[in-house]
Amino acid sequence: MPRFAANLSMMYTEHDFLDRFAAASADGFEAVEYLFPYAYDAAELRRRLDDHGLRQVLFNAPPGAWESGERGLAALPGREAEVRSGIERALEYAAELGCPRVHMMAGLVGPAPDPAEHRDTYLKNLAWAAERAAAAGVDILIEPINGRDMPGYFLSRQAEAHTVVREVGAPNLKVQLDLYHCQIVEGDLTTTLRRDLPTGRVGHLQIAGVPDRHEPDRGELDIRHLFGVIDELGFDGWIGCEYIPRAGTSEGLGWRDDYRGDNNA
């Protein structure tokens, strides 16, 4: 049965961030993910995980000037030094938190990019990061993101991501498949799952309802069917619940509890 991780950047926002760990644990989650840990001391985050019996399964490397609109640096020529220092910082946190995955955001490339230059920069940065992370036992992930939510993001399609992973050739460089983004960009989720999960190149899944990014059973996705496909394919990783609850996080978990109940019957 799929294993679900609470995304503490989007879920439980009715609580202060450090209190979200307890709230997620109280609702039965065994793992968490979130965007960034860097505003908090790593030892304090570790304590929250330990106190509530949680595993940290994913966070993002530093994305550049997030508050100013930057969304990653990996595909931006001239920012290589920042990319490397960011990966070093992320790996320090990963070691403290026992986190086996770090998502490395590509960045926004603007209206008239030089595709070849950006792609070359991207491949080189990913190769360096993957090599550095391998020594720490950490996977580097890349995620296609839809252009409606994040216009200008360098990576948007699953095939592009898998091509990048193959070209870099590092066994610990993998794809983060967010079914919300994938549905908006290209759809055909069942075929995508059946094509890509067996390759071993997908390191993490995420879910949200489409089009409004609320609970995954809201909107146009048949989430029960998709969970069944994921189960059928034997995916043993985590599924991050990266959605915005419509009216209280705990109150909106019926989709998860119903699915678990069906599978435990």
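From a predicted model like this one, the values you see are computed outputs, not experimental measurements.

Calculation notes
Residues numbered from 1 in each chain as written. Predicted model: local features only at pLDDT ≥ 70, side-chain atom pairs only at ≥ 80, totals over all residues. Heavy atoms only, no water. Pairing = 2+ DSSP bridges. Helix = DSSP H or I, 4+ residues; strand = E, 2+ residues; numbered from the N terminus. Axes fitted to C-alpha atoms, helices over the stretch in contact; angles between N-to-C directions. Phe/Tyr/Trp six-rings, centres within 6.5 Å; stacked < 30°, edge-to-face > 60°. Lys NZ or Arg CZ within 6 Å of the ring centre and 35° of its normal. Buried < 20%, exposed > 50% of the residue type's maximum accessible area, 1.4 Å probe, protein only. Arc of directions from axis to C-beta. Contact = heavy atoms within 4.5 Å. Right-handed = clockwise from strand over helix to strand, strands pointing away. Parallel < 35°, antiparallel > 145°, perpendicular 65-115°, else oblique. Left-handed = near helix turned anticlockwise from the far one by under 90°. Nonpolar A, V, L, I, M, F, W, Y, C, P; charged D, E, K, R; others polar. Polar contact = N/O pair within 3.5 Å; in protein donor to acceptor, adjacent residues only side chain to side chain.

A. Inspection of the sheet that holds strand β3 (residues 55-60) at higher detail. Strand order in the closed barrel formed by 8 strands is β1-β2-β3-β4-β5-β6-β7-β8, with parallel pairing between adjacent strands. The average angle at which neighbouring strand axes cross in this sheet is 30°, direction not considered. Sheet analysis places strand β5 (residues 139-142) next to strand β6 (residues 173-178), joined by 3 bridges and oriented parallel. Note on β6: the bridge partner recorded for L141 is K174.

B. Just the packing of aromatic side chains, in detail. Applying the stated criterion across every chain yields a total of 13 aromatic pairs. One aromatic cluster is present, built from ring pairs that chain together F36, Y38, F59, W66 and Y93. Across from the ring centre of W238, 4.1 Å away, lies the NZ or CZ of R3, which sits over that ring.

C. Helix α5 (residues 158-168), seen in detail. Of all the residues in α5, the buried ones are Q158, A161, H162, V164, V165 and V168. When α5 is viewed along its axis, its buried side chains cluster within an angular range of 155° and face the same direction. Taken together, the buried residues of α5 touch α4 (115-134), β5, β6, α6 (179-185), α7 (189-196) and β7 (202-207). G169, located one to two residues past α5, shows a positive phi value of around 75°.

D. Local environment of unusual backbone geometry. With omega at 15°, the peptide bond leading from V210 into P211 counts as cis. The phi torsion at Y12 lies on the positive side, around 60°, for a residue other than glycine. Structurally, Y12 can be placed in the loop between β1 (3-7) and α1 (20-26). Phi is positive for D188, close to 55°, though the residue is something other than glycine. As for its placement among the helices and strands, D188 is situated in the loop between α6 and α7.

E. Main features of the pairing of β6. For β6, the buried fraction is high: 5 of the 6 residues fall into the buried class. After leaving β5, the chain enters α5 and then returns to the sheet as β6, a path that is right-handed. Both β6 and β7 contribute to a ladder of 4 bridges, which runs parallel. When the sheet's bridge partners are listed, L177 is paired in β7 with L205.

F. Quick look at the packing of helix α3 (residues 80-97) against α4. It is the contact of α3 with α4, at a shortest axis distance of 10 Å, that shows an interaxial angle of 25°. Relative to α4, α3 is oriented roughly parallel. Helix-helix and strand crossings are classified by hand; for α3 and α4 the assignment is right-handed. Of the residues in α4, those in contact with E80, V83, R84, I87, E88 and L91 of α3 are T121, N125, W128, A129, R132 and A133. Its residues placed into classes, the contact of α3 with α4 shows 6 nonpolar, 2 polar and 4 charged.

G. Region of the structure containing the environment of E82. Its location among the elements puts E82 in helix α3. Note: C-alpha distance between E82 and P62 (20 residues apart in sequence) is 8.9 Å. Within the local environment of E82, its side chain forms a polar contact with the side chain of R79, the two groups lying 2.5 Å apart.

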